[in-house]
Amino acid sequence: MIRRPPRSTLFPYTTLFRSGGVCTSRPNSYVGTPNIQGIVFPPLQNNALSLTCPTCHKVMYFDENGALNLPKNRAMQNIVDKYGETKNLAIKCQLCEGDDPTDASVMCEQCEVFYCDACKEACHPSRGPLAKHVLVSPSQGKAALRARNRGKQVVCSEHADETLGMYCMMCKVPVCAMCIQDGRHPNHDVQALSAMCKAHKTELSQNLQTLSEKAKNTTELIQRLKCMSESLNDSCVDLEKSIAKQCQMFVEAIYVRQQQLIEYVRQEKEYRLKTLRDQVSSCTGKLQQTTGLLQFCIEALKETDSTAFLQIGTALISRVSNCDVTWHRDMSTSPLVPPELDFTLDDKPFFRAIEQLNFIQMKPPAAPSFIPEECCTENNSVTVVWTQHPASFVEGYILELDDGNDGAFREVYCGKETICTVDGLHFNCLYNARVKAFNSTGEGDYSDCICLQTAEVAWFALDGNTAHPDIKFLNDNQSVTCDSYEHRVVLGNIGFSRGVHYWEVTVDRYDNNADPAFGVARFDVTKDTMLGKDDKGWSMYIDNQRSWFLHGEKHNKRTEGGVEVGSVVGVLLDLDNRQLSFYVNQEVQGPVAFTGLQGVFYPALSLNRSVQLTVHTSLDPPVYQTDESETGDASN
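Residues numbered from 1 in each chain as written. Predicted model: local features only at pLDDT ≥ 70, side-chain atom pairs only at ≥ 80, totals over all residues. Heavy atoms only, no water.

Trainee: Just to check I follow, could you spell out the pattern of salt bridges for this structure?
Mentor: Two side chains of opposite charge can pair, provided their charged atoms sit close to one another. Under the counting rule described, the total for this entry stands at 16 salt bridges. Among the salt bridges present, the one from Lys269 reaches Glu270, with a minimum N-O distance of 3.4 Å. Exposure remark for Lys269: the relative accessible area of 17% places this residue in the buried category. Here Asp524 and Lys536 are joined by a salt bridge, their closest N and O atoms 2.7 Å apart. Linking Asp524 in the loop between strand S24 (517-521) and strand S25 (537-542) with Lys536 in the loop between S24 and S25, this pair joins segments that are 12 residues apart in sequence. A relative accessible area of 48% places Asp524 in the partly exposed class. Looking at Lys536, the relative accessible area reads 29%, which means it is partly exposed. (Salt bridge = Lys/Arg side-chain N within 4 Å of Asp/Glu carboxyl O. Buried < 20%, exposed > 50% of the residue type's maximum accessible area, 1.4 Å probe, protein only. Helix = DSSP H or I, 4+ residues; strand = E, 2+ residues; numbered from the N terminus.)

Written out as structure tokens, the structure reads:
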């Protein structure tokens, strides 16, 4: 709505229009015309010629048009106009002084200004150059303005003869063809105006759908809260009767105490009712704000003018997205207080403790609930996340897992946290987890089980924490070399006790006919000698011509074929069949090396300074066939 300027600014124009001049169109200097909006809206200047936005710091320069240079919020104006029509609001005079202007009686089609009878006589007399102006009723004038604006193409502010047909993605403004050609938007992503308007409306609609669903859930929550108020009243009545019945059994000495307990319950009821009412009020306020935003956005989506919509599209998307993100922070989705008063009287020791008579907790905590979207697995570890029952007092939790084979559950965690990561599980197994809460009263029920699948194929790196100090690590602990001429052992950071596992080792550097060893070991294997020389390592050591299997100082199964730079050694640990095999350059190297393997085994290497090796994991096992009779011996 255009506000009336001070009356002192109107007299010159009134005098001008009463002169003998001839006017064939709306006067450019008159109030309400584009050229004098700088008078109706005096520019908010940081200096005499420009205005800087305090948010984006963009500088807007003014000329004699004043505030006309500022972009018009056409979508906002259209929504306000539609709201006024819906509510049958009277159109106000644009020239009346004071906070309560008079209803307009006419509108000048040439000046596009609404006048009341008094202002029309004072500022727009039907004589002189204004005699030819056409005056219509306010409703007709409003309809004419809307029809005129609807059919008018929006022109570029920089090029008056060009219409706006494109949208600069970087500058976030509509542009014309000349703006693109004259270098104002070099190398900027420019899209069709209608396409961008459609894209913005689609994005806003999607965000509105999500927000609408949350508003619906909030409405349901409010209804539940209101129902809980009734349940709380019923619970309070039942509890009062129970207390009164118990107190009837006491002698006169406890009568006063009885009244105190009843008063305590009523105060607790009032407190919880107040809490519920406050929560209902808070949720209602948030819902009203959200509903207002939804209604405004829906009206904006009805806007057919792409330029007008794009003026507010980005801001609306940002506001709706921000409302969506901050929803859980601003809105409590669960009752702040339980609907029942969980109190009861402990009347056994009342003879000794009549003065200390008070309420005790009624029952153990209810079952917690898992949060499936936050539970996850990685390699052979699982992370489980849960939340407590909102109406229960909890002092701790007990988490249990089965054995991955539908076996018995065992306790893996006991504490106050609601998140737990369990390591060292079997690969390619489906584990069931359950959790229960406890307090001083006792343990509650178990939650529903959640199933978690560990990785089918293992990924691991070499363990720098347990390796010999002479071992040097590269490439995020996937590559190793050594500073010593003697063999040094390094283990993987994951152990295996079940399943089939395969990994490969690339020979990156190979000098002086060295004989690196590849295989598996126990966690406490000797680290300062070749892998397999003690009874806790099983390996194949290989030079440039042949290889041997080694375990407990025993060499066997010499096989022709060695390694060089670029060779790939594969290790196949088949714990389902309890055996270990080796490959060189995708070919089986000898028979099955070791059988009868049982327990936990870690990938292992031994090397000296003449060799550099790189481990490759998460590989599918190769398909092979072997003669069961051609096997090496294992010693566990």
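Trainee: Would you explain helix H9 (residues 306-325) in this entry?
Mentor: Over its 20 residues, H9 extends 27 Å from the first C-alpha to the last, a length consistent with the 28 Å expected when each residue adds 1.5 Å. In the structure, H9 departs most strongly from a straight axis at Ile312, where the bend amounts to approximately 40°. For H9, the full list of buried residues reads Ser306, Thr307, Ala308, Phe309, Leu310, Ile312, Gly313, Leu316, Ile317, Val320 and Cys323. Taking the backbone nitrogen of Thr307 as reference, a side-chain oxygen 3.0 Å away marks Asp305 as the first, capping residue of H9. (Expected span 1.5 Å × (residues − 1). Bend = angle between axes of the 7 residues up to and from the residue. Polar contact = N/O pair within 3.5 Å; in protein donor to acceptor, adjacent residues only side chain to side chain.)

Trainee: What is the right way to read the nonpolar core from this model?
Mentor: Where a protein is soluble and globular, its nonpolar side chains tend to be buried together. Ranked by internal contacts, the top residues of the largest apolar core, which has 45 residues, are Leu204, Leu211, Ile243, Cys297, Val320 and Leu341. For this core, the secondary-structure elements that each account for two or more residues are helix H3 (74-86), helix H7 (193-247), helix H8 (255-301), H9 and strand S9 (343-345). It is H7 that contributes the most residues to this core, 16 residues altogether. Not counting chain neighbours up to four residues away, the residues in contact with Leu204 comprise Cys297, Leu301, Phe309, Leu316, Ile317 and Val320. Ranked by size, the runner-up nonpolar core spans 39 residues in total, among them Phe496, Val505, Leu580 and Leu605. (Core = buried A, V, L, I, M, F, W, Y, C linked by side-chain atoms within 4.5 Å. Contact = heavy atoms within 4.5 Å.)

Trainee: So what exactly am I meant to see when it comes to the packing of H7 against H8 here?
Mentor: Angle between the axes and distance between the axes: these two values describe a pair of packed helices. Where H7 contacts H8, the axes come no closer than 9 Å and their chain directions differ by 165°. By the angle between their directions, the pair H7 and H8 is classed as roughly antiparallel. Crossing angle aside, the handedness with which H7 passes H8 is left-handed. (Axes fitted to C-alpha atoms, helices over the stretch in contact; angles between N-to-C directions. Parallel < 35°, antiparallel > 145°, perpendicular 65-115°, else oblique. Left-handed = near helix turned anticlockwise from the far one by under 90°.)

Trainee: Please explain the confidence of the model for the protein as it appears in this structure.
Mentor: The predicted coordinates of low-pLDDT regions are not to be read in fine detail. Per-residue confidence for the protein averages 81 on the pLDDT scale, and 84% of its residues sit at or above 70. When mean pLDDT is taken per element in the protein, S24 scores highest with 95 and helix H1 (residues 11-17) scores lowest with 35. Low pLDDT, under 50, characterises residues 1-47; the stretch is placed with 94 contacts to residues that sit more than four places away or in other chains. The model gives residues 625-636 a pLDDT under 50, and that stretch makes 29 contacts with residues more than four places away or in other chains. (pLDDT = per-residue confidence, 0-100.)

Trainee: Where do I start with the pairing of strand S28 (residues 568-574) in this structure?
Mentor: Looking down a regular strand, the side chains alternate between one sheet face and the other. For S28, the buried fraction is high: seven of the seven residues fall into the buried class. Taking every second residue as pointing to the same face, both faces of S28 are buried, with Val568, Gly570, Leu572 and Asp574 on one and Val569, Val571 and Leu573 on the other. Of the pairings in the sheet, the one linking strand S23 (residues 500-510) to S28 comprises seven bridges and is antiparallel in character. Following the sheet pairing, Trp503 is matched in S28 by Val571. (Pairing = 2+ DSSP bridges.)

Trainee: How should the side chain of Asp543 be read in this particular structure?
Mentor: In this fold, Asp543 is placed in the loop between S25 and strand S26 (546-551). What makes Asp543 buried here is its relative accessible area of 13%. One polar contact links the side chain of Asp543 to the main-chain amide nitrogen of Gln545, over a distance of 2.8 Å. Contacts of Asp543, omitting those with residues within four sequence positions, involve Tyr510, Asn513, Ala514, Asp515, Trp548, Gly562 and Val563.

Trainee: Can you help me understand unusual backbone geometry in this one?
Mentor: Glycine aside, a negative phi is what most residues show, and trans is what most peptide bonds show. One non-glycine residue, Lys172, lies in positive phi territory at about 60°. Examined against the element boundaries, Lys172 turns out to sit in the loop between strand S6 (166-168) and strand S7 (173-175). We note that Asn428 has phi near 55°; this positive angle belongs to a residue other than glycine. Mapping Asn428 onto the fold places it in the loop between strand S16 (419-422) and strand S17 (430-438).

Trainee: Quick question: what am I supposed to make of the sheet that holds strand S4 (residues 113-115) here?
Mentor: To summarise the sheet geometry, strands pair through backbone hydrogen bonds and adopt either a parallel or an antiparallel arrangement. If you walk across this open sheet you meet the three strands as S4-S3-S5, and the pairing is antiparallel. Every other strand in the sheet has two partners, leaving S4 and strand S5 (135-136) as the edge strands with one partner each. Note that strand S3 (residues 106-108) and S5 share two bridges and pair antiparallel. The residue bridging Cys108 from the neighbouring strand is Leu135, located in S5.

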